[in-house]
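# Chain and residue survey
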Amino acid sequence: TQLLEQSPQFLSIQEGENLTVYCNSSSVFSSLQWYRQEPGEGPVLLVTVVTGGEVKKLKRLTFQFGDARKDSSLHITAAQPGDTGLYLCAGRDQAGTALIFGKGTTLSVSS
Amino acid sequence: KAGVTQTPRYLIKTRGQQVTLSCSPISGHRSVSWYQQTPGQGLQFLFEYFSETQRNKGNFPGRFSGRQFSNSRSEMNVSTLELGDSALYLCASSLFTSYEQYFGPGTRLTVT
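My aim in this report is to walk through the structure given alongside it, one point at a time. Please read these numbers as outputs of a predicted model, since none were measured by experiment.

### As for the overall build of chain B
A tally of regular secondary structure across chain B gives 0 helices and 11 strands. Ordered by position from the N terminus, the helices and strands of chain B form the series β-β-β-β-β-β-β-β-β-β-β. Here the C-alpha radius of gyration of chain B, 13 Å, is about what a compact globule of 112 residues would show, namely 13 Å. Each of the 112 residues in chain B was classed as buried or not, and the buried ones make up 49%. Counted over contacts in chain B with a minimum sequence separation of 6, partners at least 24 positions apart contribute 54%. For chain B, the accessible area works out to roughly 5300 Å², and carbon and sulfur atoms hold 48% of it. Across chain B, the centroid of the 11 positively charged side chains sits 4 Å from that of the 6 negatively charged ones.

Here it is in structure tokens:
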């Protein structure tokens, strides 16, 4: 069974701080996706990483896919209250059909 | 372009009843997937439909079923509701199977 472990589970920081969220697995994934979910809403896709070692930047967010395609990280620079939410990583299962989700990191940024 | 819509947004049912949830995908999207989200288990895949055919199914009991219509709209049904079925049910659509998915706001089901 393919599993994705996310850490930390909860993170509470002040505006302006930097943070990193991790997504790890013992399995290889062909691609990994990161989503952000706000209360009462569905997850919104932030990025898809496909190539081992790939780094993608989205404004203050930096996503990295591990060389072995078993792990990924999300780094946020100078966090803002608008970054508050549940961050989820997801990978395609071996059949390439279903998305397997980690349990997420709940981020709270206070001003 | 309108996003994925789900109806109803909130639902309260009694144990033993059945429920039907509806999902309208983004126009042009032919694949619809359903997920259950709970605080303990997180997001878990229920099933995926493409062109009215179930393509993949997660590890859920047979009480959970779904279907897709010719216009790509999808419904999921849960029979003989249990307290543990209380969850946020999310629908996601994509152009084709394995393409990027776009989620709806979900239906919050509470079973009492």
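### A word on the packing of aromatic side chains
Residues and elements named next belong to chain B. Applying the stated rule across the entire model yields 10 aromatic pairs over all chains. Here the aromatic rings of Phe60 and Phe64 are separated by 5.3 Å at their centres, their planes lie at 65°, and the arrangement is edge-to-face. Take Phe64: its relative accessible area is 3%, and that puts it in the buried class.

### Digging into the sheet that holds strand E7 (residues 64–68) of chain B
Residues and elements named next belong to chain B. Ordered by their spatial adjacency, 4 strands build an open sheet running E1-E3-E8-E7, and the pairing between neighbours is antiparallel. For this open sheet the edge positions go to strand E1 (5–7) and E7, each flanked by a neighbour on one side alone. Sheet twist, expressed as the mean angle between neighbouring strand axes with direction ignored, is 20°. Taken together, the 3 bridges between E1 and strand E3 (residues 19–24) define a ladder with antiparallel strand orientation. In the sheet register, Thr5 faces E3, and the bridge partner there is Ser24.

What counts, and where the lines are drawn
Residues numbered from 1 in each chain as written. Chains lettered and ligands numbered in written order. Predicted model: local features only at pLDDT ≥ 70, side-chain atom pairs only at ≥ 80, totals over all residues. Heavy atoms only, no water. Helix = DSSP H or I, 4+ residues; strand = E, 2+ residues; numbered from the N terminus. Rg over C-alpha atoms; globule rule 2.2 N^0.38 Å. Buried < 20%, exposed > 50% of the residue type's maximum accessible area, 1.4 Å probe, protein only. Contact = heavy atoms within 4.5 Å. Areas by Shrake-Rupley, 256 points an atom, 1.4 Å probe, with all protein chains shown as cover. Lys, Arg positive; Asp, Glu negative; His and termini not counted. Charge placed at Lys NZ, Arg CZ, Asp CG, Glu CD. Phe/Tyr/Trp six-rings, centres within 6.5 Å; stacked < 30°, edge-to-face > 60°. Pairing = 2+ DSSP bridges. Axes fitted to C-alpha atoms, helices over the stretch in contact; angles between N-to-C directions.

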